[in-house]
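Reading the structure
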Amino acid sequence: LLNPNDYPRTLCGVEGGYQLDHVKSVKQCWNEGLSVEEASSLDNLRIIPWNENLAKRDFNIKWH
């Protein structure tokens, strides 16, 4: 359902590769009080090129 065009799923840096993306980030879902089911719903997931997915990352997140 998420990848009807059968794009190749890869790690960052692989030419022509795609990754699973959360439209609303997991952090944003957490901050909004959304459930795990809502955060991982088909409406919140999509396949995009790895470089677009990487560009969305917030590198200022502090991991505990």
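The structure displayed is predicted, hence computed values, not measured ones. (Residues numbered from 1 in each chain as written. Predicted model: local features only at pLDDT ≥ 70, side-chain atom pairs only at ≥ 80, totals over all residues. Heavy atoms only, no water.)

1. Regarding the packing of aromatic side chains
Enumeration over the complete set of coordinates arrives at one aromatic pair. Plain terms: the ring middles of Y7 and Y18 are 4.1 Å apart, the flat faces sit at 10° to each other, and that makes the pair stacked. Of the two residues, Y7 sits in the segment before β1 (18–22) while Y18 sits in strand β1, which places them 11 residues apart along the sequence. Judged by its relative accessible area of 32%, Y7 is partly exposed. (Phe/Tyr/Trp six-rings, centres within 6.5 Å; stacked < 30°, edge-to-face > 60°. Helix = DSSP H or I, 4+ residues; strand = E, 2+ residues; numbered from the N terminus. Buried < 20%, exposed > 50% of the residue type's maximum accessible area, 1.4 Å probe, protein only.)

2. Digging into the confidence of the model for the chain
Confidence in the prediction for the chain averages 91 pLDDT; 89% of positions are at 70 or higher. Averaged pLDDT values over the elements of the chain bottom out at 92 in helix α3 (residues 50–55) and peak at 97 in strand β2 (residues 45–49). (pLDDT = per-residue confidence, 0-100.)

3. A few points about the side chain of N53
Looking at the secondary structure, you find N53 in helix α3. A distance of 2.8 Å separates a polar atom in the side chain of N53 from a polar atom in the side chain of Q19. N53 has contacts with Q19, L20, D21 and I48, leaving out every residue within four places of it along the chain. (Polar contact = N/O pair within 3.5 Å; in protein donor to acceptor, adjacent residues only side chain to side chain. Contact = heavy atoms within 4.5 Å.)

4. A short note on unusual backbone geometry
With a phi angle near 55°, D6 is a residue other than glycine that sits in the positive phi range. Within the secondary structure, D6 sits in the segment before β1. What makes D6 exposed here is its relative accessible area of 65%.

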